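# Close look at the chain arrangement
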Amino acid sequence: MLGIKRLGLLATMVVVGLAPAAAAQAAAQPSTQDTQYLQALHQVNLFEIASGNLAQQKGQNAQVKDLGKQFVTDHTQLDDSVKSTAQQLNVQLPNSPTADQQNVLNQLNGLSGADFDKAWVTAELNGHVQAIQATQTQISQGSEQSVITLAQDALPVLQAHLDALTSLAETLGIPVPQTSASGTPGPGGTSAPGGTESPAPGGTESPAPGTTETPAPGTTEETPAPSES
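Here is a short report on the structure shown in this document.

## Digging into the nonpolar core
Ranked by internal contacts, the top residues of the largest apolar core, which has 24 residues, are Val 64, Leu 108, Phe 116, Trp 120, Val 121 and Leu 125. Elements that contribute at least two residues to this core include exactly helix H2 (32–58), helix H3 (62–88), helix H4 (99–109), helix H5 (113–141) and helix H6 (145–172).

## Let's talk about the environment of Thr 122
Along the chain, Thr 122 turns up in helix H5. Residue classification places Thr 122 among the buried positions, given a relative accessible area of 12%. In this structure, the C-alpha to C-alpha distance between Thr 122 and Pro 177, residues 55 residues apart in sequence, is 8.7 Å. Polar side-chain contacts of Thr 122 include one of 2.9 Å to the backbone oxygen of Lys 118.

## What to know about the packing of H3 against H6
Running from N to C, H3 and H6 cross one another at 175 degrees; their axes reach a closest spacing of 11 Å. Here H6 runs roughly antiparallel to H3, going by the angle between their axes. Here Gln 63, Val 64, Leu 67, Phe 71, Asp 74, His 75, Leu 78, Ser 81, Val 82 and Thr 85 of H3 lie close against H6, whose contacting residues are Ser 146, Val 147, Leu 150, Ala 154, Val 157, Leu 158, His 161, Ala 164, Leu 165 and Leu 168.

## Examining the packing of aromatic side chains
Throughout the structure, instances matching the rule amount to one aromatic pair. On the basis of an interplanar angle of 25 degrees and a centroid distance of 5.8 Å, the ring pair of Phe 71 and Trp 120 is categorised as stacked. With a gap of 49 residues between them, Phe 71 in helix H3 and Trp 120 in helix H5 connect regions that are remote in the sequence. Classification of Trp 120 by relative accessible area gives buried; the value is 0%.

Reading guide: rules and limits
Residues numbered from 1 in each chain as written. Predicted model: local features only at pLDDT ≥ 70, side-chain atom pairs only at ≥ 80, totals over all residues. Heavy atoms only, no water. Core = buried A, V, L, I, M, F, W, Y, C linked by side-chain atoms within 4.5 Å. Buried < 20%, exposed > 50% of the residue type's maximum accessible area, 1.4 Å probe, protein only. Helix = DSSP H or I, 4+ residues; strand = E, 2+ residues; numbered from the N terminus. Polar contact = N/O pair within 3.5 Å; in protein donor to acceptor, adjacent residues only side chain to side chain. Axes fitted to C-alpha atoms, helices over the stretch in contact; angles between N-to-C directions. Parallel < 35°, antiparallel > 145°, perpendicular 65-115°, else oblique. Contact = heavy atoms within 4.5 Å. Phe/Tyr/Trp six-rings, centres within 6.5 Å; stacked < 30°, edge-to-face > 60°.

Printed below as a string of structure tokens:
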């Protein structure tokens, strides 16, 4: 009889001990920010893997081919982490790039030689600038630590890609987009070949290469003084 009472007490203790764990698991649900970042970064990876393969097939410049190969390797590894984190958090990931990203891939697929190289570098520059901005936003505004850690790991990879692209763009005479001081566009907004940028959902559009920037707030343009008669 005493043994039965002890078993009952032990069972009660086990149930009580499980309650905080269950509550902690329920509290670990990702926020909208966390979920959208995982989904968007996955689509960035899908785009980069596809565009990297195109660079190896259609690129004329040796550096374009090399970068394309490197992007496939890096974004495949990064996507493995994205898929693992999403699975742990029960986040459903899309099966394909965004419509804008697919449009860029279609346009790149129709180009070849030097035209392809310039269009590819332009699209990659804009895509990486926006991916970096979105990753910085996740680091500062995310709530789920595993997704924040993922963003922290992704940031140096994305920055290294942008640095390599910037160097190549300067060699090829391609305008380099400036990172906007305000606004945090989501990853995936890439510039279509030809310089027309399609912003990511919810993102702020950065100036397309070759466009003229408006004067910064607080600055005034000088007007010529009226001529004396």
